[in-house]
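In case you want the letters, here they are:
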2 protein chains.
Amino acid sequence: MATLRDVAREAGLNVSTVSRVLNNRGYISEEARARVDSAMKKLHYRPNEIARSLRTQNSGLIGVIVPRLSHPYYASSLHWLMKRFDSAAYHMLLFDSENNNDKLWQYLQYCESYHVDAVVLMSNLIKMDKKKEFSFPLITVERERGWADALVQCDNLNGGRMAAEHLYERGCRNLIQIAGANVPGIPSDRRMTGFIEMCDRLHVKHREFSTDEYQFDSGDYLRFIVDILRRFPDTDGVFASSDMIAMNVEKAAKQLGLSVPDDLKIVGFDDTKIAEYAEPPITSIHQDLPAMMSTVVELLPKLIAGEEVQKETTIPVKLVKRGST
Amino acid sequence: MATLRDVAREAGLNVSTVSRVLNNRGYISEEARARVDSAMKKLHYRPNEIARSLRTQNSGLIGVIVPRLSHPYYASSLHWLMKRFDSAAYHMLLFDSENNNDKLWQYLQYCESYHVDAVVLMSNLIKMDKKKEFSFPLITVERERGWADALVQCDNLNGGRMAAEHLYERGCRNLIQIAGANVPGIPSDRRMTGFIEMCDRLHVKHREFSTDEYQFDSGDYLRFIVDILRRFPDTDGVFASSDMIAMNVEKAAKQLGLSVPDDLKIVGFDDTKIAEYAEPPITSIHQDLPAMMSTVVELLPKLIAGEEVQKETTIPVKLVKRGST
């Protein structure tokens, strides 16, 4: 089997340069990278990750836990996180907690067992008295920080404000906000806070609703929304705390014979593909997932090295106007 | 640190039972599982996965490579695969090849380095002369088998036939088929073959189109479809080889002032959420992802143990009728 030294010889570079390429550390020219790459391929060189992990205590593995893999927001988040991992030579050990705290707990234990370098948590945080249950650093994304080492989020508060303001500007005076989950530590809290704050400032009537279940797969959610719109027929604008909910509001409006945007205007949140695909396409608060995931991957090596980092990073959001308003 | 023996004592079970629970092998009662679970939690017991990997040569890690994480079909596939992994105590080392063969090659090498037990490949297969480049068994899903050890697919051929037959039954006589990618080893080939076969049998006029690029994110795809529909205004039915394409056909029809299903009927493939969300909802050929992923996870331990398995498994599809036809 080829060694690092063989690769260096084949590439015509010294061993430390090859090592830098393999570990993605410091400046490496594109040419050097290409030469190492082709030498590795030629010699079928493969660094043994597990052996390296035991030697350096760095496995290169990052545990990632999402609450629902099939939800377009998480699929899109993972897509961007994976892209950033790729540039940083991290690998993703992925878990889907299905919003189940027992599973989440078990997955965090698996992460420990696999000696992951860190965990990125997009699922709910388990409340624990002692932080140091786990030896890896933890970053939460769009979840409460709790005992995590760092938090990366979008500006949910401002997003809520922007939604209310936009609906007001479009002439709406009877607003409703529908949140997807009534679970502590979920960002829709802050979206709602911002929404209420702006409604009060503008003296607009507003009502807030949320369900305990985050079941976008079932028809229950649609029925729940139809019911709300029936009970409050004066509603002329809805802020949904996700595009998935906004799409269901659109479907509910259709069932009730309401025209969007003429009778009812809708603003979603996340700016996922769902907002684009919907008919009419949905105005949405855009989360800058590329920037958020870049921040995560910038924080990781510092956290892994035990350095102090900024505890909370908030990335700005923007309003993307579409047919629903 | 607690040992397996401590857990067994705490749970009031013998060591072999605890071991079976941990390795998810053989029959285990729910009660035993619960007792082991609570004993593990109480004692903060964590099996050391990497050490176990070096000892038993089984890491419990399965490499999974998809071509596009953010595509709803792959998000949904991963969701089901993850569920099956969970029951079998496998863990997912996930890679997104972004349809790039160099990346795919590199990821397969990473899989080797991490001593994965096997790889599940949903991305294109790299043609290689020598199979035994990698030491792990390989299963492809909805891709050519090539040098892989096993293939799991849905009945693409029959799906194509069903689409053509359904459009014919709904009165269409000028059909078009639009495939998403013109890449070898992709299942839309067989979908097209089935479609053509049935059209010929029914003496229905048909035309086939495909693009080289699989870029559902860009507007190019929509323009490409608008262009086709403009060039062939007598078209009354479209079979799209994915729901994503079907949704774009719906958007294209709208741009051209065509009413779906009155002027144009559309059948998609995969039966992803996209088909449900679309307006009107899209008739689609349903892939039984739960059954396909069950098959994958039934094959894995046999392949890992070096046993002979069925080389190709084809899972039936069914037509799900919706508003677009």
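To be clear, the structure that these remarks concern was listed above.
Below is a summary of the structure that appears in this document.

So, on to the relation of the copies chain B and chain A. Relating one copy of the chain to the other requires a rotation about an axis plus a shift along that axis. When chain B is fitted to chain A, the best match, at an RMSD of 0.1 Å, comes from turning it 180° and sliding it 0.0 Å along the axis. This pairing of chains is accounted for by a two-fold axis. In terms of proximity to the rotation axis, the leading residue of chain B is Leu93(B), whose C-alpha is 2.3 Å off the axis. A share of 100% of interface residues in chain B that are also interface residues in chain A marks the association as one of identical surfaces.

So, on to the pattern of salt bridges. This model, assessed by the stated rule, comprises 34 salt bridges over all chains. Lys254(A) is paired through a salt bridge with Glu279(B); the nearest N and O atoms lie 2.3 Å apart. Here the residue Lys254(A) occupies a position in helix H10 (residues 243-255), and Glu279(B) occupies one in the loop between helix H11 (273-277) and strand S10 (283-286), the pair thus bridging two chains. Taking the relative accessible area as the measure of exposure, Glu279(B) reaches 26% and is therefore partly exposed. For the salt bridge of Arg201(B) with Glu197(B), the shortest nitrogen-to-oxygen distance reads 3.3 Å. Taken together, the residues span about one helical turn, with Arg201(B) and Glu197(B) both in helix H8 (residues 188-202) at a distance of four residues. By relative accessible area, which is 52% here, Arg201(B) ends up exposed. You can call Glu197(B) partly exposed: its relative accessible area is 29%.

Bringing the sheet that holds strand S1 (residues 61-66) of chain B into the picture now. Taking strand neighbours across the sheet as the criterion, the 12 strands line up as S11(A)-S5(A)-S4(A)-S3(A)-S1(A)-S2(A)-S2(B)-S1(B)-S3(B)-S4(B)-S5(B)-S11(B) in an open arrangement whose pairing is mixed. Looking at strand neighbours, the two that pair on one side only are strand S11 (312-315) of chain A together with strand S11 (312-315) of chain B, the edges of this open sheet. Strand after strand, the sheet turns through a mean of 20° between neighbouring axes, direction not considered. Pairing analysis gives four bridges linking strand S1 (residues 61-66) of chain A to strand S3 (residues 118-121) of chain A, with the strands arranged parallel. Its bridge partner being in S3(A), Val64(A) is matched across the sheet by Val120(A).

Reading the values: rules and limits
Residues numbered from 1 in each chain as written. Chains lettered and ligands numbered in written order. Predicted model: local features only at pLDDT ≥ 70, side-chain atom pairs only at ≥ 80, totals over all residues. Heavy atoms only, no water. Least-squares fit on C-alpha atoms with pLDDT ≥ 70 in both. Contact = heavy atoms within 4.5 Å. Salt bridge = Lys/Arg side-chain N within 4 Å of Asp/Glu carboxyl O. Helix = DSSP H or I, 4+ residues; strand = E, 2+ residues; numbered from the N terminus. Buried < 20%, exposed > 50% of the residue type's maximum accessible area, 1.4 Å probe, protein only. Pairing = 2+ DSSP bridges. Axes fitted to C-alpha atoms, helices over the stretch in contact; angles between N-to-C directions.

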